[in-house]
Amino acid sequence: MIKRHFFLAAAAVLLGLMVVAVVLKMAFAEDEKGGGGPGGRGGPGGGRGQTVSEAVIGARSFTDEIRVLGVARGRRSVNITSSTSELITRVLFTDGQRVAAGAPLVELQAREEDAGIIEARAQVAQAQRQYDRFKTLADQGIAPRVTAEDAETSLATARASLNAAQARRGDRLIRAPFAGVLGLSSVTAGTLVNPGGIITTLDDIDVVRVDFPVPERYLGVLRAGTPIRATIDAYGNEVFTGRIALIDTRINEQTRAVTARAEIPNPGYRIRPGMAVRVAVQQGQRTAPAAPEAAVQYEGDGAFVYRIAKGEKGTTAQRVEVETGSVEGGFVEIVSGLNAGDRIVGSGLNRIQPGAPVSVTGQGGGRGQGARRPAGVAPAQGAAR
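Residues numbered from 1 in each chain as written. Predicted model: local features only at pLDDT ≥ 70, side-chain atom pairs only at ≥ 80, totals over all residues. Heavy atoms only, no water.

**Points about the overall build of the protein**
Scanning the protein from terminus to terminus reveals three helices and 19 strands. Here the protein holds 385 residues, and 34% of them are scored as buried. Taking all contacts inside the protein whose residues are at least 6 apart in sequence as the whole, residues at least 24 apart take part in 75%. For the protein, the computed accessible surface area is about 22700 Å², with 53% contributed by carbon and sulfur atoms. (Helix = DSSP H or I, 4+ residues; strand = E, 2+ residues; numbered from the N terminus. Buried < 20%, exposed > 50% of the residue type's maximum accessible area, 1.4 Å probe, protein only. Contact = heavy atoms within 4.5 Å. Areas by Shrake-Rupley, 256 points an atom, 1.4 Å probe, with all protein chains shown as cover.)

Below, the structure written as structure tokens:
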């Protein structure tokens, strides 16, 4: 009897749980369909839709730029070398020293040259005495004039030999060909240098030159004197300014590019020869409609935005295909598809369904979520990459 009552009670509890589950399921289904009570999306108290922020298409200035990569060079650069094999007797500089033009850098062993100078000076002295004697005799009429002239020729020859010996001695003193900054060196007194062996480097970097290739289609807008802006990875977003100094006379047949040379002032010698330099050459400015980057979505090779418009169900988001141009300062140039003054969705794009009702809460835009550009899709800019 007790067992029978226990099974009846268990059956009643199970039936009650099933009823409660059915009721909850129906309640959730009505809530998802928007048919619930006040506050539901589709019921009498609903209709607000997805909450988004608003951005307004406005006119902004965009700069057309040619952007390329160049390499920094010194205005003048040279490797200091020796023209002969010889021992170094004195090193007259320190690494990194700034030197003037003609400053002595290294002295090579010159024992033979020193001896040659002594010999040449003795010959000059002897020739001078001979000339003085024969000239006196010729002036007195004792010796023929031709004898004095021969002595004068011998004196001139001896002096030329002395100059040659001094020049050979001068070749043993290596000097700076121009003013600049010396690089690192590993030579010391006693080092044997060979022809072409680098003793040190010398760079004139008060002004650096940057050579960079420019596609030939831009040749018509490039001019000597055109200002440029440059950035270097070592200095982050710091901008260095300069001007185009020269444009090459030839175009590379393989790359179809012409080499331009810019000069950039370099106080403090912060730009070093060999650095990679990102160069931007301005072509001019224009005004065009612009949208915040966060409001533009990219799909394949195209782009689109959601325009806020009035519809039968209230405010809705309409997908609009747009043609984009330059990207600058957090804004995208709109070439076609929208007009100035159009209202668009500024954020929350990933959750929007085209044509669905939306609720606008305020201004949005700039850089933010929703402006993710797919890998491999670059901004369409008036620039040479």
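**Things to note about helix α2 (residues 111-140)**
Between its terminal C-alpha atoms α2 stretches 45 Å, which fits the 44 Å expected from 30 residues at 1.5 Å a residue. Those residues of α2 that sit buried are Glu113, Gly116, Ile117, Ala120, Val124, Ala127, Tyr131 and Ala138. Directly beyond the C-terminal end of α2, a positive phi value near 80° is found at Gly141. (Expected span 1.5 Å × (residues − 1).)

**Let's talk about unusual backbone geometry**
Unlike most non-glycine residues, Arg256 shows phi in positive territory, near 55°. Mapped onto the elements of the fold, Arg256 is located in the loop between β11 (240-251) and β12 (257-265). A positive phi angle, close to 55°, is found at Tyr269, a residue other than glycine. Within the secondary structure, Tyr269 is located in the loop between β12 and β13 (276-292).

**Notes on the sheet that holds strand β5 (residues 104-108)**
Sheets are built from strands that pair by backbone hydrogen bonding, the pairs being arranged parallel or antiparallel. Taken in spatial order, the four strands make up an open sheet running β6-β5-β3-β8, and their pairing is antiparallel. Across the chains shown, the open sheet's two edge strands, defined by having one partner strand only, are β6 (173-175) and β8 (192-193). Here strand β3 (residues 86-91) runs beside β8; their pairing, made up of two bridges, is antiparallel. Bridge pairing links Glu86 to Val193 in β8. (Pairing = 2+ DSSP bridges.)

**Some thoughts on the pattern of salt bridges**
If you walk through the whole model with that rule in mind, you get 17 salt bridges. The shortest N-O distance in the salt bridge between Arg307 and Asp342 comes to 3.9 Å. In this pair, Arg307 is assigned in strand β15 (residues 302-311) and Asp342 in the loop between β17 (331-336) and β18 (343-347), connecting sequence segments 35 residues apart. Under the relative-accessibility criterion, Arg307 is labelled partly exposed at 26%. Sharing partners across several salt bridges, the network here consists of Arg90, Glu107, Asp114 and Arg169. (Salt bridge = Lys/Arg side-chain N within 4 Å of Asp/Glu carboxyl O.)

**Considerations on the packing of α2 against helix α3 (residues 145-170)**
Contact pair α2 / α3: the axes reach a minimum separation of 8 Å and the direction vectors enclose 165°. Taken together, the axes of α2 and α3 are roughly antiparallel relative to one another. α3 is crossed by α2, and the crossing has left-handed handedness. Partitioned by chemical class, the residues of the contact of α2 with α3 number 13 nonpolar, eight polar and 10 charged. (Axes fitted to C-alpha atoms, helices over the stretch in contact; angles between N-to-C directions. Parallel < 35°, antiparallel > 145°, perpendicular 65-115°, else oblique. Left-handed = near helix turned anticlockwise from the far one by under 90°. Nonpolar A, V, L, I, M, F, W, Y, C, P; charged D, E, K, R; others polar.)

**Looking at the nonpolar core**
If you look at the biggest cluster of nonpolar residues, it comprises 24 residues, and the most contacted ones within it are Phe212, Val214, Ile228, Ile264, Ile271, Val279 and Val281. Of all the elements in the fold, those that place two or more residues in this core are β2 (58-81), β9 (198-215), β10 (227-231), β11, β12 and β13. Among the elements that make up this core, the one with the highest residue count is β9 (five residues). Residues within four places of Ile271 in sequence aside, it is in contact with Ala72, Val208, Ile232, Tyr235, Phe240, Ile264 and Asn266. In this structure, Ile80, Ile88, Ile199 and Leu202 belong to the second largest nonpolar core, which totals 16 residues. (Core = buried A, V, L, I, M, F, W, Y, C linked by side-chain atoms within 4.5 Å.)

**Re the packing of aromatic side chains**
According to the stated counting rule, one finds two aromatic pairs in the structure shown. Between the aromatic rings of Phe304 and Tyr306, the centroid separation amounts to 5.8 Å while the plane-to-plane angle is 85°, which identifies the pairing as edge-to-face. Of the two residues, Phe304 and Tyr306, both sit in the buried class. Lying over the aromatic face of Phe134, Arg133 brings its terminal NZ or CZ to 6.0 Å of the ring centre. Above the plane of the ring of Phe304 lies Arg319, whose end atom (NZ or CZ) is 3.7 Å from the centre. (Phe/Tyr/Trp six-rings, centres within 6.5 Å; stacked < 30°, edge-to-face > 60°. Lys NZ or Arg CZ within 6 Å of the ring centre and 35° of its normal.)

**Looking at the pairing of strand β16 (residues 314-328)**
One ladder, built from four bridges, connects β16 with β17; its direction is antiparallel. When the bridges of β17 are listed, Thr324 appears paired with Ile334. Hairpin connection, β16 to β17: the antiparallel pair is bridged by two residues, and Gly329 has positive phi, about 60°.

**Remarks on α3**
Given 3.6 residues per helical turn, the α-helix brings residues three or four places apart onto the same face. For α3, with 26 residues, the first-to-last C-alpha span of 38 Å sits near the 38 Å given by 1.5 Å per residue. Among all positions of α3, only Ala148, Ala151, Leu155, Ala158, Leu162, Ala165 and Arg169 are buried. Looking at the buried side of α3, the elements it contacts are β5, α2 and β6.

**Details of the environment of Thr51**
For Thr51, the position within the fold is in strand β1 (residues 50-56). A relative accessible area of 38% places Thr51 in the partly exposed class. Thr51 sits 294 residues away from Val345 along the chain, and the two C-alpha atoms are 10.0 Å apart.

**Topic: the environment of Ala294**
Position of Ala294 among the secondary structure elements: in the loop between β13 and β14 (297-299). In sequence terms Ala294 and Phe331 are 37 residues apart; their C-alpha atoms lie 8.5 Å from each other.

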